[in-house]
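Spelled out, the chains give:
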Amino acid sequence: MDAEDPSPENPIGVFDSGVGGLSVLREIRRALPGEDLIYVADSAYAPYGERAGDEILGRALAITQGLLEQRAKAVVVACNTATGAAAQVLRARYSLPIVAMEPALKPAAASTRSGVVGVLATSRTLASHKFVQLLGSHGQGVEVLVQPCPGLVERVECGDLAGPRTRALLEGYLVPLLQRRADTIVLGCTHYPHLRPLIAAIAGPEVAIVDSGAAVARQLRRRLELAGLLRGPGVVGRERFSTSGAVSAVQPVIAQLWAAEVPVRAFAAERFSAAVAG
């Protein structure tokens, strides 16, 4: 089901349950300025954190198939929840590079001074087998406080990054962690880096805030180099944006988060589901 004979000139596909993965797309753009990028916001199904694993897997398969039909040479699963539900299946099904997320627990555990790390994530991510494995591998010797954050994804999806409702939610999630001496906060959802200024304002300057977007961009570059798929120098990459949600509602939020007026197209993942099932 891979695109035939992927070329370095082909684009990179990136998807998330909604607009959150734009935080990862920005890191990819910094690391790979010459690559063409296709971003799919599956906004009609956001947030993934409240959906069944099989449904998330079905969406991931259909969106990946749609990206392949646009000749994507690699796919980035820019969503921690979708990584837990679908990354293993995607890698088994497709031979092209599949790069996925994991919360930045390893660097957080290595850098904490107080020995207490807080993790903000969706309930599904925190309950996933992948996160349990990560905790077992990198959570030894430190106290890891996990905090599910219902409602935060929805605040980002509507573009409310600093309003009173968003601040109240964040204070409710962060203050208990800070009171227990957490000096490092892991953003375990790709939506949350968009809230970094507000998180920093609540947490204060002594608290480090870490996410895995830059690490994913570095891993993507390594995978493309190994596959001989890095685009040559001397070109400027372009971005294309699409969404499964209402374009009129999603486009202003993408423009806000990307800090540029960009066109957004409709993406009907359902039409690729039959191809995946077949």
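Residues numbered from 1 in each chain as written. Predicted model: local features only at pLDDT ≥ 70, side-chain atom pairs only at ≥ 80, totals over all residues. Heavy atoms only, no water.

## Notes on the packing of aromatic side chains
Taken as a whole and judged by the stated rule, the model has two aromatic pairs. Taking 6.5 Å as the distance between ring centres and 55 degrees as the angle between the ring planes, the aromatic pair formed by Tyr39 and Phe241 counts as tilted. Of the two residues, Tyr39 sits in strand 2 (residues 37-41) while Phe241 sits in strand 9 (residues 239-243), which places them 202 residues apart along the sequence. Given a relative accessible area of 2%, Phe241 falls into the buried group. Between Phe241 and Trp258, the ring centres sit 5.6 Å apart and the planes meet at 65 degrees, which makes this aromatic pair edge-to-face. Of this pair, Phe241 sits in strand 9 while Trp258 sits in helix 11 (residues 247-258); the two residues are 17 residues apart in sequence, bridging distant segments of the chain. Judged on exposure class, the residue Phe241 and its partner Trp258 are both buried. The ring of Trp258 carries the charged tip of Arg26 above its face, separated from the ring centre by 4.6 Å. Lying over the aromatic face of Tyr45, Arg59 brings its terminal NZ or CZ to 3.6 Å of the ring centre. (Phe/Tyr/Trp six-rings, centres within 6.5 Å; stacked < 30°, edge-to-face > 60°. Helix = DSSP H or I, 4+ residues; strand = E, 2+ residues; numbered from the N terminus. Buried < 20%, exposed > 50% of the residue type's maximum accessible area, 1.4 Å probe, protein only. Lys NZ or Arg CZ within 6 Å of the ring centre and 35° of its normal.)

## Focus on helix 3 (residues 80-93)
Taking 1.5 Å per residue as the helical rise, helix 3 with its 14 residues ought to reach 20 Å, and the 19 Å between its terminal C-alpha atoms agrees with that figure. Approximately 55 degrees is the largest bend angle found in helix 3, and it occurs at Ala86. Residues Asn80, Thr81, Ala82, Thr83, Ala86, Ala87 and Leu90 constitute the buried set of helix 3. (Expected span 1.5 Å × (residues − 1). Bend = angle between axes of the 7 residues up to and from the residue.)

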